[in-house]
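These are the residues of each chain, in order.
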Amino acid sequence: MSYTNELRIALLAVQRASLLTKSVFHSKAKGTVDKNDKSPVTIGDFGAQALIIAALQKHFPDDEIVAEEEAAALREQPELGDTIWDIVRQTALSDDHAEKELGGAIASKESMLALLDKGNSAGGSKGRIWTIDPIDGTKGFLRGGQYAVCLGLMVDGDVKVGVLGCPNLPVDDQAPLTADIGSNQTSDGHGVLFSAVQGQGATSRPLTDGPLAQEKSISMRAVPSLAEATFCESVEAGHSAHGDQAQIAQKLGITKPSVRMDSQAKYGSIARGAGDIYLRLPVKATYQEKIWDHAAGDLIVREAGGEVTDIHGKRLDFSVGRTLANNKGVVAAPKASHGEVLSAVQEVLKAKL
Ligand SMILES: Nc1ncnc2c1ncn2[C@@H]1O[C@H](COP(=O)(O)O)[C@@H](O)[C@H]1OP(=O)(O)O
Ligand SMILES: [Mg+2]
Ligand SMILES: [Mg+2]
Ligand SMILES: [Mg+2]
């Protein structure tokens, strides 16, 4: 399967949703509410999810969808729903042909809420299932840092297509990776769309407001020695264990300070060789990673010549539901160095037991 149509629709859907998130990013009122798990969600998350699901429903009405957000809070707070509806209604691709291709505007606020709730699939190992993280790294988004609009297609539990929209990453694939915990940068020279199809390699292209830009093939950097590698990790200490990660870096002889950034922008950054290693070590033993936080990034890194496993060396398993219940943590590195990185991870974790 070449997945040409799936990739095109995914790229356009992420591009349109990214437009919406950018306008929320630059406005003061982000309509932030806390979810039951205490994590924040904004009008940008809801709006982006509704727009992506609308495009998927138009083209692939029989496919299932596992998405992060749901409409319940908006039914309880109608004013918040109205604010989201306003911005969703106003967001369209400037390329009329592409906007039509995505189905144009959503019909009404009620249909927007119904679309949001179509992301409630339980996931699993059978059939075609899309997974959406409308804003990954909401905390980064609120801080003015990195975030990503993420979409992946799994077929029988295997990721076939992945797209990441990263509005705040530099367009330039070679730009050195800098820590970005929140600088409210202007959009000049920023905005990248990463994509990959299984077996077809990974690409990046500028995330424009107009027609899709020409893509360039990307690959991970060949690091002559791990001592020269750049590793990235979450900004939030509650999402990955900074202390353990520092010990692993030291064991590997890495001298450069870690680059902290939010979201799957980390996967995109190592895939294009701006960084080399992404470590995500568990903080709480009970936390299960969500499939929408990894599906697109996992495929993009592997298609760019990387290897992605959990701390036990197992491939990420997207076939067991909405979470990566069979995995703990993430270790992503160039294929040739992954074994060495994984050994250091396991030595550090063993010493803690
Ligand atoms: N306890 C946790 N451990 C690991 N990841 C978490 C935890 N809580 C939330 N996350 C998720 O990690 C992702 C961000 O990762 P990073 O810190 O690397 O940018 C978000 O999707 C975030 O969820 P949420 O979207 O609810 O904020
Ligand atoms: Mg997320
Ligand atoms: Mg999210
Ligand atoms: Mg969230």
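Rules behind the numbers
Residues numbered from 1 in each chain as written. Chains lettered and ligands numbered in written order. Predicted model: local features only at pLDDT ≥ 70, side-chain atom pairs only at ≥ 80, totals over all residues. Heavy atoms only, no water. Phe/Tyr/Trp six-rings, centres within 6.5 Å; stacked < 30°, edge-to-face > 60°. Helix = DSSP H or I, 4+ residues; strand = E, 2+ residues; numbered from the N terminus. Buried < 20%, exposed > 50% of the residue type's maximum accessible area, 1.4 Å probe, protein only. Domains from an automatic or database assignment. Contact = heavy atoms within 4.5 Å. Buried area = accessible area lost by both parts, 1.4 Å probe. Salt bridge = Lys/Arg side-chain N within 4 Å of Asp/Glu carboxyl O. Near = heavy atom within 4 Å. Polar contact = N/O pair within 3.5 Å; in protein donor to acceptor, adjacent residues only side chain to side chain. Areas by Shrake-Rupley, 256 points an atom, 1.4 Å probe, with all protein chains shown as cover. Nonpolar A, V, L, I, M, F, W, Y, C, P; charged D, E, K, R; others polar. Donors = N, O, S within 2.8 Å, 3.2 Å for Na, K, Ca; no water. UniProt positions renumbered as here; feature names shortened; annotations may be inferred. Axes fitted to C-alpha atoms, helices over the stretch in contact; angles between N-to-C directions. Parallel < 35°, antiparallel > 145°, perpendicular 65-115°, else oblique. Left-handed = near helix turned anticlockwise from the far one by under 90°. Pairing = 2+ DSSP bridges.

A. Main features of the packing of aromatic side chains. Across all of its chains, the model carries five aromatic pairs by this definition. A ring pair is formed by phenylalanine 25 and phenylalanine 141, whose centres lie 5.7 Å apart and whose planes are at 55°; its orientation type is tilted. Taken as a pair, phenylalanine 25 in helix 1 (residues 4-25) and phenylalanine 141 in helix 7 (residues 138-143) lie far apart in primary sequence, 116 residues in all. Assessed through its relative accessible area of 4%, phenylalanine 25 is described here as buried. Counting every residue linked through ring pairs, the aromatic cluster contains Phe25, Phe141 and Tyr147.

B. Expanded view of the domain arrangement of the protein chain. For the protein chain, the assigned domains are domain 1 (4-218) and domain 2 (226-348). Taken together, the contact between domain 1 and domain 2 spans 55 residues of the former and 33 residues of the latter. Both sides together, the interface formed by domain 1 and domain 2 hides about 3200 Å², and carbon and sulfur atoms give 64% of it. It is Val159, Leu164 and Leu177 that lose the most area in domain 1 upon contact with domain 2, and together they represent 19% of the buried surface on that side. Inspection of the region where domain 1 meets domain 2 yields three salt bridges. A salt bridge links arginine 143 to aspartate 262; its shortest N-O distance comes to 2.7 Å.

C. Quick look at the site of ligand 1. Inspection of the region around ligand 1 gives 14 residues, with Ser234, His239, Ser263, Lys266 and Asp293 positioned closest. In this structure, an oxygen atom belonging to ligand 1 sits 3.1 Å away from a side-chain N or O atom of aspartate 136. Arginine 280 has a polar side-chain atom sitting 2.7 Å from an oxygen atom of ligand 1. Burial of ligand 1 by the surrounding chains reaches 90%, relative to a free accessible area of 560 Å². Of the residues in the shell around ligand 1, the class split is one nonpolar, five polar and eight charged.

D. Representation of the coordination of the magnesium ion (ligand 3) within the structure. Coordination sphere of the magnesium ion (ligand 3), protein contribution only: Glu68 (OE), Asp133 (OD) and Ile135 (O), at 2.0 to 2.1 Å. All donor residues of the magnesium ion (ligand 3) come from one chain, and their arrangement in sequence is E-x64-D-x1-I. In this structure, the magnesium ion (ligand 3) lies 3.6 Å from the magnesium ion (ligand 2), and both are coordinated by aspartate 133. One end of the pair, glutamate 68, is in the loop between strand 3 (64-67) and helix 3 (72-76); the other, aspartate 133, is in strand 4 (residues 128-136), with 65 residues separating them in the sequence.

E. Geometry of the UniProt feature "binding site: Mg(2+)" (unreviewed entry) in the protein chain. When the UniProt feature table is mapped onto this chain numbering, "binding site: Mg(2+)" (unreviewed entry) sits at Glu68, Asp133, Ile135, Asp136 and Asp293. With the annotated positions falling across 226 residues, the maximum pairwise C-alpha distance of 9.7 Å places them together in a single cluster. Assessed through its relative accessible area of 1%, aspartate 133 is described here as buried. Residues in contact with aspartate 133, not counting those within four places in the same chain, are Glu68, Ala148, Val149, Cys150, Trp292 and Asp293. At a separation of 3.4 Å, a polar atom in the side chain of aspartate 133 contacts the main-chain amide nitrogen of aspartate 136.

F. A look at the packing of helix 8 (residues 242-251) against helix 11 (residues 335-352). Helix 11 packs onto helix 8 with a crossing angle of 130° between their chain directions and a minimal axis gap of 9 Å. In this view, helix 8 runs oblique relative to helix 11, as classed from their interaxial angle. Pair helix 8 / helix 11 crosses with right-handed handedness. On helix 11, the residues that touch Asp244, Gln247, Ile248 and Lys251 of helix 8 are Ala344, Val345, Glu347, Val348, Leu349 and Lys352. Residue classes in the contact of helix 8 with helix 11 are distributed as five nonpolar, one polar and four charged.

G. Main features of the side chain of threonine 131. Following the sequence through the fold, threonine 131 ends up in strand 4. Classification of threonine 131 by relative accessible area gives buried; the value is 2%. Once residues within four sequence positions are removed from consideration, threonine 131 is found in contact with Val66, Cys150, Leu151, Gly152, Met154, Ile291, Trp292 and Ala295.

H. A look at the pattern of salt bridges. Enumeration over the complete set of coordinates arrives at 23 salt bridges. Linked by salt bridges that have partners in common, Glu6, Asp63 and Arg128 make up one network.

I. Region of interest: the sheet that holds strand 5 (residues 148-155). Spatially, seven strands are ordered 3-4-5-6-7-8-9 in an open sheet, and the strand pairing comes out mixed. Looking at the sheet topology across the chains shown, the edges are occupied by strand 3 and strand 9 (216-218). Strand-to-strand, the axes of this sheet are offset by a mean angle of 20°, without reference to chain direction. Direction of pairing for strand 3 relative to strand 4: parallel, over a ladder of four bridges. From the neighbouring strand, valine 66 faces strand 4, where its bridge partner is threonine 131. Packed on one face of the sheet, helix 2 (residues 43-59) meets strand 3, strand 4 and strand 5 and runs near 155° to strand 4. Packed onto the sheet, helix 10 (residues 295-303) meets strand 4, strand 5, strand 6 (158-170), strand 7 (190-197), strand 8 (202-206) and strand 9 and runs at close to 95° relative to strand 6.

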